[in-house]
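Tertiary structure, described
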Amino acid sequence: MDAPLVIVGTGFAGYALLRALRQRDRHREIHLIGAGEASAYAKDQFPAGLAHRRDADELVIATAEQMAYRFEATITPHRRVLAIDPASRVLRTDNPAQPEQIWSQLVLATGVESLRPANVRGSGAASVLTVGSLAEYAYLRSELAGRGRVAVVGGGVPGCELAESLKRGGCEVTLLESDPHLLGGSVPTLCAERIADALAAAGVRIRTEDGVQRIDQGMDELHVTMLGGKPLAVDVVVAALGTRPRVQLARAAGLDVAAGIVVDAALRTSAEAIHAVGGCAEFEGRVFEFGEDIDSCAQVLADVLAGHGARMRWKARVRRLNLECCAVAICKPPPVAGEWHESATARGVRALFHDRTGALRGFALVGDPAGESGSLLSRVAR
Ligand SMILES: Cc1cc2nc3c(=O)[nH]c(=O)nc-3n(C[C@H](O)[C@H](O)[C@H](O)COP(=O)(O)OP(=O)(O)OC[C@H]3O[C@@H](n4cnc5c(N)ncnc54)[C@H](O)[C@@H]3O)c2cc1C
């Protein structure tokens, strides 16, 4: 019998690929290995889940058993892949009873890991939580039981969404950002100020230009010491500083790795018969941040593995922030030289990014203008 196609990772990308493969081939033997429970869920539901105080179980779309049955695959949860050997096409897991697994084709879908604040000292520094998986979501919910003072570290998109959702869920929230503005790098100044105003009006306390220096464990609370010196006593500190691709397995196996595992337009890594999809991969110098891009790379890879000549291409995407206090739509410009032009009215802010040739390459819309995102997207040059 042929060795199976093995997918390492049962996150959004691993399961998107499984679905796409089964649309093309009902018979191929497919084995997924996941380090966690391997339930199917969507991380973009975490903010709404926190706002409505939903337990982690309520966010599960399907259990590993249900996914295995529905898509006729072998799914092994709670199993970590420790090493891969591209030459012999064997991987090693932490299962002492059967540590080795052979593959015919291997797909790395190892995803992303949450960033933690650097250089924070103090006895409570290790207590900083992140919300990058369902297990971490469940842990945060349990830490919040009966307690409600939260410091959110990081005022980017994930921090703003997390702060507002925790506030809506009944917490007292302080959002800490070391830069002068929230959402630095994602949107220009007027947009950032309007979003900060809306969050403040919704009850989120915002401290900008104030980095976390120390976190110390008190009797039953955490003492956060800020650069500005003003202390903050909270029950829980959550970091929302973004993510980075999880590349350790690939790097140790000698695959090309930059920020992510480097793939070509057919999602091939530098090693024969090994592909990568989702948050762990990097294509044309960019990592996969959006669900829609991950879904389309899973479709391309399913075609490639089925022997068709599909190719990955980036498309302009709109990210609508999970915020109730104001509508925000962002189409992030590519890293090219250009300028933002902002116009503000009482009803919102419209910011357009044009490159040096005058072509529209991205935008940020806050308030009523967010309704124009669909028509503007069709005008964005790639
Ligand atoms: C709070 C939050 C909100 C978000 N909101 C949005 C949104 O609104 N829109 C959007 O487009 N995106 C959003 N994202 C990003 C989106 O969720 C990610 O892009 C997506 O989850 C990445 O999917 P993935 O499968 O590549 O990685 P992951 O979901 O990280 O899955 C990776 C899987 O690999 C497993 N794994 C890793 N290493 C090993 C190993 N050695 N052995 C076995 N298994 C392993 C892990 O256990 C995990 O199951 C959000 C993310 C978060 C955290």
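Cut-off values and rules
Residues numbered from 1 in each chain as written. Predicted model: local features only at pLDDT ≥ 70, side-chain atom pairs only at ≥ 80, totals over all residues. Heavy atoms only, no water. Pairing = 2+ DSSP bridges. Helix = DSSP H or I, 4+ residues; strand = E, 2+ residues; numbered from the N terminus. Contact = heavy atoms within 4.5 Å. Axes fitted to C-alpha atoms, helices over the stretch in contact; angles between N-to-C directions. Near = heavy atom within 4 Å. Polar contact = N/O pair within 3.5 Å; in protein donor to acceptor, adjacent residues only side chain to side chain. Areas by Shrake-Rupley, 256 points an atom, 1.4 Å probe, with all protein chains shown as cover. Nonpolar A, V, L, I, M, F, W, Y, C, P; charged D, E, K, R; others polar. Domains from an automatic or database assignment. Buried area = accessible area lost by both parts, 1.4 Å probe. Salt bridge = Lys/Arg side-chain N within 4 Å of Asp/Glu carboxyl O. Buried < 20%, exposed > 50% of the residue type's maximum accessible area, 1.4 Å probe, protein only. Phe/Tyr/Trp six-rings, centres within 6.5 Å; stacked < 30°, edge-to-face > 60°. Lys NZ or Arg CZ within 6 Å of the ring centre and 35° of its normal. Core = buried A, V, L, I, M, F, W, Y, C linked by side-chain atoms within 4.5 Å.

Turning our eyes to something else, we now look at the sheet that holds strand β21 (residues 319–320). Taken in spatial order, the five strands make up an open sheet running β21-β22-β25-β24-β23, and their pairing is antiparallel. Each edge of the open sheet carries a strand with a single partner, namely β21 and β23 (338–345). Relative to strand β22 (residues 328–331), β21 runs antiparallel, the two being bridged by two bridges. For Arg320, the partnering residue across the bridge sits in β22 and is Ala329. This element, helix α6 (residues 189–201), spans β22, β23, β24 (348–355) and β25 (360–367) of the sheet and lies at about 45° to β23.

What surrounds the ligand is a group of 31 residues, the closest being Ala13, Lys43, Val81, Gly279 and Gly291. Note that an oxygen atom of the ligand is positioned 3.4 Å from one of the backbone N or O atoms of Glu289. With the chains in place, 83% of the 1,000 Å² that the ligand exposes on its own is no longer accessible. Breaking the shell around the ligand down by element, the ones donating at least two residues are α1 (12–24) and α8 (291–305). Taken together, the residues of the shell around the ligand break down into 13 nonpolar, 11 polar and seven charged.

A few words on the domain arrangement of the protein chain. The domain boundaries assigned to the protein chain delineate domain 1 (5–113 + 243–305), domain 2 (125–239) and domain 3 (327–377). The C-alpha-based centres of domain 1 and domain 2 are spaced at 30 Å. With 14 residues of domain 1 in contact, the opposing surface of domain 2 contributes 15 residues. Summing the contributions of domain 1 and of domain 2, the shared interface buries around 1,300 Å²; its carbon and sulfur component is 65%. Considering only the side of domain 1, the residues that lose the most area to domain 2 are Phe46, Leu50 and Ala51, jointly responsible for 45% of the buried surface there. With a shortest N-O distance of 3.1 Å, Asp55 and Arg141 are connected by a salt bridge. Across the contact surface, domain 1 and domain 2 share nine residue pairs in polar contact (both at pLDDT 80 or more). Tallied by class, the residues present in the side of domain 1 that touches domain 2 amount to eight nonpolar, two polar and four charged.

If you walk across this open sheet you meet the five strands as β3-β2-β1-β7-β18, and the pairing is parallel. Both edges of this open sheet fall to β3 (74–76) and β18 (274–276), since each of them pairs with a single strand only. Each strand of the sheet is rotated relative to its neighbour by a mean of 20°, with strand direction disregarded.

Let us look at the pairing of strand β2 (residues 30–33). On β2, burial covers both faces: Ile30 and Leu32 on one face and His31 and Ile33 on the other are all buried. Judged from the four bridges that link them, strand β1 (residues 5–8) and β2 form a sheet pairing that is parallel. Within the sheet, the bridge partner assigned to Ile7 lies in β2 and is Leu32. By the bridge criterion, three bridges tie β2 to β3 in an arrangement that is parallel. Across the sheet, the residue bridging to Ile33 is Thr76, located in β3.

In the structure shown here, the tally under the stated rule is five aromatic pairs. Ring centres of Tyr41 and Phe46 lie 5.9 Å apart, and the angle between their planes is 15°; on these two criteria the pair is classed as stacked. Under the relative-accessibility criterion, Phe46 is labelled buried at 4%. With a centroid separation of 5.4 Å and an interplanar angle of 70°, the aromatic rings of Trp340 and Phe353 are classed as edge-to-face. Of this pair, Trp340 sits in strand β23 while Phe353 sits in strand β24, and the two are 13 residues apart along the sequence. Taking relative accessible area as the criterion, Trp340 reaches 26% and is therefore assigned partly exposed. Connected via pairs of aromatic rings, a cluster forms that spans Tyr41, Phe46 and Tyr137. Directly above the aromatic system of Trp314 lies the positively charged group of Arg286, at a separation of 4.1 Å from the ring centroid.

Side chains of nonpolar character tend, in soluble globular proteins, to be buried together. Counting residues in hydrophobic clusters, the biggest one holds 59 residues, and the most contacted among them are Ile75 and Leu108. Top element by residues in this core is α8. It accounts for eight residues. Filtering out sequence-adjacent residues up to four positions away, Ile75 remains in contact with Thr10, Tyr15, Leu18, Leu32, Ala38, Ala64, Met67 and Ala68. Leu50, Cys171, Leu321 and Cys326 belong to the second largest nonpolar core, which has 42 residues in total.

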